[in-house]
Number of protein chains: 2
Amino acid sequence: MTKDSIGVVGAGLVGCLTALAFSAKGYKVKLFDLRKDPRLDQDQKSLRSINLAVSDRGIRALEAVDAKMAERILQHVIPMKGRMIHDASGTKQELQIYGLFGESIKCLLDELDATDVEVFFKHKLTAVQNIAGEAKPVLTFITQNGENTDFDFDFVIGTDGAHSQFRYQMQKGMRMDFSQKYIDMQYMELSIPPVKEAKPDSGARFSIDPNHLHIWPRKDYMLIALANGDGSFTSTFFSPWKTIDSISSADEFLAFFRKSFPDAYNLIGEEGLKYAYDHQPRGSLMQVSVSPYASPNNRAIILGDAAHSMVPFYGQGMNCGFEDVHVLTQLLEESDGDLRSAFAKYNSARKADIDAICKLALDNYYEMSTKVTDPFYLLRKKVDYYLGKYANDVLFPWVPMYSMISFRGDIRYSEAVAREKRQTKVLNWIQYVTLGGIAAYGVARAAHAFDKWNR
Amino acid sequence: MTKDSIGVVGAGLVGCLTALAFSAKGYKVKLFDLRKDPRLDQDQKSLRSINLAVSDRGIRALEAVDAKMAERILQHVIPMKGRMIHDASGTKQELQIYGLFGESIKCLLDELDATDVEVFFKHKLTAVQNIAGEAKPVLTFITQNGENTDFDFDFVIGTDGAHSQFRYQMQKGMRMDFSQKYIDMQYMELSIPPVKEAKPDSGARFSIDPNHLHIWPRKDYMLIALANGDGSFTSTFFSPWKTIDSISSADEFLAFFRKSFPDAYNLIGEEGLKYAYDHQPRGSLMQVSVSPYASPNNRAIILGDAAHSMVPFYGQGMNCGFEDVHVLTQLLEESDGDLRSAFAKYNSARKADIDAICKLALDNYYEMSTKVTDPFYLLRKKVDYYLGKYANDVLFPWVPMYSMISFRGDIRYSEAVAREKRQTKVLNWIQYVTLGGIAAYGVARAAHAFDKWNR
């Protein structure tokens, strides 16, 4: 029996995993990308911005395709022991197990070379046809020399990111609900260079601990840094648009940075900051939501950021995209290898979870920008953490929200939200009982004092 | 002093009114459209589908541009005395003052001929540049012979409808929140032909009363008909997608129609129904929401359906678009002729009202599809109507919602929603007090009966 053919558009992390997953299941896969092969990019600047943390869901999805492959991919990754919080005065740590995903796109492309997946770079998608009706879908591309080429497939999958051309083409042929919502925050990429004169035997090429996600939280803005394999760190500066728009020169930017992030100022260096201010674009952050994900004939589908671009504040964008692939292949198994049936089931199987994590990511942005200085909030977070550590399974399995999302890929995003609701109720009771206790104690003390005074 | 130049893209109803309004204020206006001049269209099929009811808001907006012009436009319009409801068995009437807007686009284009507005047909927009920063905006079009032409303006306005290319181009240069949401309903255009052998002196070319909006409401679907100047009626059949998808031949469609709309079946005729089933496209209905409407440099803006495509169930789409023009010119006056300042103020002046009417239109769809058979709902509607008629100004000015929206252009959409909330509270009280009274009466009767029985 000949297996069906699949065309995948977008050779990013999710697209590569999609191609690997369906190739492993025996499908004939072709993978297309607009850009040139990133492995041919000399200075590899284009890879810098995809430093992402892979957590439990992402790892499970990699392992589902091939456990040996997952091992090979993850050996190139810089393991992270936790987050390091740099507050205004100095530094303190807060440990959490993490994995860091570096320039792994190259590893995934190398993995593809070992399969019979055909990869086509510099192919710009211009049409997705036959997504309704019985005819097989056709993808049209413009190649570098300006020629139009058609490919027909049994199934086509769009994994071409937040500004997906595949999705835009699908919208022409079906009724797809769509929304994009910007948040009032820009980001700018900075770079912490490797240590110049590291002793060869110490291996200390990194100027700060590479095995932590570094965070410089401030009330209105934030800086983060993630290690690269070459000893440098990719750092990202987040701020409201008005903050960056009110800065009108590189000198003002330097002054702002020195005041807000004194240690990072020294790590990045004046030259690097000046370069970033003058040359780096200011990125915008938006949430994209779509429904449904599959075409009327269940022969086309979108996965990853093309289907659910989320703001980066829960670190789940890529993990959710990997999980998309995992869920789709699981549905394929449940459907005894009938991919049309898997596409048909995907929407109801996945929508609630995608909506849940998109909302969480957005809520986390509001939480970070408003609640982080609220002492009640911080106290509740602490109680939540200790209940997870010491009181798990007393009332019901207690896992703090962040842990459910990041370390417990066995718990669906939507289930995590439902469990969090129960846990919140308990936290509310604890808060009320505690406040009530304090109030009762206060009244008793006052009564006692009154009693003494009256005697 | 030379006035600024304005480029308007989209020569539909709202685009024409925009061009007329700014030309009347002395601006140098150019108006562009993708299509050919509709006045050159012999069979004028393209004009059929724009039969729309103009109500108070639309009329006010026309009058604000030029009272004489409004008079000229409205004299071509078929006046409507109300709605005629065709229920399953026969017919009954429910009177309401209405105006019907027919092929008025031609009248508006004729009005433009009398001004110095330059109109360019067959110009396809391909780019909107300089919507941020200080440079003046540039519009790029492809003309029929495949040439690219650039036009620069002080201001540009997009009025090119729900699938606006102008909006799509703006989105490339700014952070615009955007959503499109489909409802599960299709529409199909049908035509009721004129009476063939009308007596010349009677003038009775119309097979049903032309001065009413005809409605055939059914539980899940609906038919409407509006008169055209030539004696025909444009009729629209609305149904859930599954209804039309479950019909697989013209014969089945005829059988369905004969059963559901016996009188309309005869009016349209078998041939017309068969033609429509075989050749008319099934339209989809969606809601488009956008924010903000103006560009960062306040030199580009979108009005009408480009900014707020709504479902047609409140008959306010065009009226709201006309009101957009009215509000913008009012803001221009408030800003002493500074159009940049008017663009800047438009978003906060208009967003709440646009959101309100879009939501009302959608709510009305749900209301029509679910509540219309609920006796409590119908009773409340009746009480609401009589309170408006007899109890106005007893508690506070009482105007039923439908009247505020359709006949009271002096009440903002958002204000209408706020007033409706107060009125709903009173209706709730009336309902509870009535039910309470009935319950109390019941208890009293039961007690009395018990008393008698016990004696």
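Residues numbered from 1 in each chain as written. Chains lettered and ligands numbered in written order. Predicted model: local features only at pLDDT ≥ 70, side-chain atom pairs only at ≥ 80, totals over all residues. Heavy atoms only, no water.

1. So, the overall build of chain A
Note the following rule: Strands here are runs of E lasting at least two residues and helices are runs of H or I lasting at least four, both read from the DSSP assignment and numbered beginning at the N terminus. Burial classification: accessible surface area is computed with a 1.4 Å probe over protein chains only, and a residue below 20% of its type maximum counts as buried, one above 50% as exposed, and the rest as partly exposed. In what follows, residue pairs with any heavy atoms lying within 4.5 Å of each other are defined as contacts. Note on areas: Shrake-Rupley, 1.4 Å probe, and residue coverage restricted to the protein chains presented here.
Assigned secondary structure in chain A consists of 16 helices and 16 strands. When each of the 455 residues of chain A is scored for burial, the buried share is 51%. Relative to all contacts within chain A whose residues are 6 or more apart in sequence, the contacts with residues 24 or more apart total 67%. Accessible area for chain A stands at about 22,200 Å²; split by element, carbon and sulfur atoms hold 54% of it.

2. Some points on the pattern of salt bridges
All names here are of chain A. The criterion, for reference: The rule for a salt bridge is simple: a side-chain nitrogen of Lys or Arg has to be within 4 Å of a carboxyl oxygen of Asp or Glu.
Under the counting rule described, the total for this entry stands at 42 salt bridges over all chains. Between Arg39 and Asp37 there is a salt bridge, and its shortest N-O distance comes to 2.9 Å. The buried category is assigned to Asp37, whose relative accessible area is 12%. Notably, a salt bridge pairs Arg72 with Glu111, separated by 2.7 Å at the nearest N-O pair.

3. Digging into the packing of helix H1 (residues 13-24) of chain A against helix H12 (residues 317-334) of chain A
All names here are of chain A. Heads up, the condition is: Here an angle of 0 to 180 degrees is reported between the N-to-C directions of two axes, which are lines fitted to C-alpha atoms, with helices fitted over the stretch in contact. In this scheme, roughly parallel covers angles under 35 degrees and roughly antiparallel covers those over 145, while 65 to 115 is roughly perpendicular and the rest are oblique. In this scheme the crossing of two helices becomes right-handed for a clockwise turn of the near helix relative to the far one and left-handed for an anticlockwise turn of less than a right angle. When residues are sorted by character, Ala, Val, Leu, Ile, Met, Phe, Trp, Tyr, Cys and Pro go into the nonpolar class, Asp, Glu, Lys and Arg into the charged class, and all the rest, Gly among them, into the polar class.
Running from N to C, H1 and H12 point in directions that differ by 20 degrees, and their axes come no closer than 9 Å. By the angle class used here, H1 and H12 are roughly parallel. When the axes of H1 and H12 are compared, the crossing they make is right-handed. Along its contact with H1, which presents Leu13, Val14, Leu17, Thr18, Ala21 and Phe22, the element H12 presents Met318, Gly321, Phe322, Val325, Leu328, Thr329 and Leu332. Here the contact of H1 with H12 is composed, by residue class, of 10 nonpolar, 3 polar and no charged.

4. Observations concerning the sheet that holds strand E16 (residues 300-302) of chain A
All names here are of chain A. Just so we agree on the cut-off: For two strands to pair, DSSP has to find at least two bridges joining them.
An order of E6-E2-E1-E10-E16 is seen for the 5 strands of this open sheet, with the pairing classed as parallel. The open sheet has two free edges, formed respectively by strand E6 (118-120) and E16, since each of these has just one partner strand. Ignoring strand direction, the axes of neighbouring strands in this sheet form an average angle of 15 degrees. Here 4 bridges tie strand E1 (residues 5-9) to strand E10 (residues 155-158), and the two strands are oriented parallel to one another. Of the residues in E10, the one forming a bridge with Val9 is Gly158. Of the strands in this sheet, E1, strand E2 (28-32) and E10 are in contact with H1, which crosses E2 at around 170 degrees.

5. Quick notes on the interface of chain B and chain A
Selection criterion: Note on definitions: buried area is the accessible-area loss of two parts on being combined, 1.4 Å probe, summed for both. Any N or O atom pair separated by 3.5 Å or less is treated as a polar contact, with the protein-specific requirement of one donor-capable and one acceptor-capable atom, and with residues adjacent in sequence counted only for side-chain atom pairs.
With 13 residues of chain B at the interface, the matching set in chain A holds 13 residues. Carbon and sulfur atoms make up 48% of the surface buried where chain B meets chain A, a total of about 1,200 Å² over both sides. Summed over the three residues of chain B that lose the most area to chain A, namely Arg175, Asp177 and Tyr182 of chain B, the buried surface amounts to 46% of that side. Inspection of the chain B/chain A interface yields 2 salt bridges. Notably, a salt bridge pairs Asp177 of chain A with Lys181 of chain B, separated by 3.8 Å at the nearest N-O pair. In this structure, the connection of chain B to chain A is made through 6 residue pairs in polar contact (both at pLDDT 80 or more).

6. Quick notes on the packing of aromatic side chains
Residue and element names in this part refer to chain A. As a reminder of what qualifies: Classification of ring pairs rests on two measures: the distance between centres of Phe, Tyr or Trp rings, Trp counted by its six-membered ring, which must be within 6.5 Å, and the angle between planes, read as stacked under 30 degrees, edge-to-face over 60 and tilted in between. By the criterion adopted, a ring carries a charge over it if an Arg CZ or a Lys NZ lies within 6 Å of its centre and within 35 degrees of its normal.
Going through the model one piece at a time under the given rule, you end up with 48 aromatic pairs over all chains. Aromatic rings pair up to connect Tyr221, Phe237, Phe253, Phe256, Phe257, Phe261 and Tyr277 into one cluster. Over the aromatic face of Phe155 sits the side chain of Arg299, whose NZ or CZ is 5.3 Å from the ring centroid.

7. Description of the pairing of strand E12 (residues 212-217) of chain B
All names here are of chain B. In terms of burial, E12 is largely enclosed, as 5 of its 6 residues are buried. As paired elements, E12 and strand E13 (residues 222-227) share 4 bridges and run antiparallel to each other. The partner of Trp216 across the bridge, within E13, is Leu223.

8. Here we look at the relation of the copies chain B and chain A
Convention followed: Here the copies are matched by least squares. The fit uses the C-alpha atoms of residues with pLDDT of at least 70 in both.
With an axial shift of 0.1 Å and an RMSD of 0.2 Å, the rotation relating chain B to chain A amounts to 180 degrees. Taken together, these values place the two copies in the relation of a two-fold axis. Ranked by how close their C-alpha atoms come to the rotation axis, the residues of chain B are headed by Ser179 of chain B, at 2.0 Å. Comparing contact sets, 100% of the residues at the interface of chain B also lie at the interface in chain A, consistent with an isologous, same-surface contact.

9. Details of the sheet that holds strand E9 (residues 148-152) of chain B
All names here are of chain B. Judged by pairing direction, the sheet is antiparallel, and its 3 strands sit side by side in the order E7-E8-E9 without closing on themselves. Taken across any chain shown, the strands that pair with only one partner, and hence form the sheet edges, are strand E7 (123-129) and E9. Direction aside, the axes of adjacent strands within the sheet are offset by 25 degrees on average. Examined bridge by bridge, E7 and strand E8 (residues 138-143) share 6 bridges and lie antiparallel to one another. Residue pairing across strands places His123 opposite Thr143, the latter belonging to E8.

10. Quick look at helix H8 (residues 250-260) of chain A
All names here are of chain A. Note the threshold: Directions are taken from the helix axis to each C-beta atom, and the arc is the one they span.
Turning to H8, its buried residues are Ala250, Phe253, Leu254, Phe256, Phe257 and Ser260. Relative to the axis of H8, the buried residues are bounded by an arc of 165 degrees and lie together on one face. In H8, the exposed residues that point more than 90 degrees away from the buried face are Asp251 and Lys259. Buried residues in H8 make contact with strand E11 (177-192), strand E13 (222-227), strand E14 (233-239), helix H7 (241-245), helix H9 (262-268) and helix H10 (270-279).

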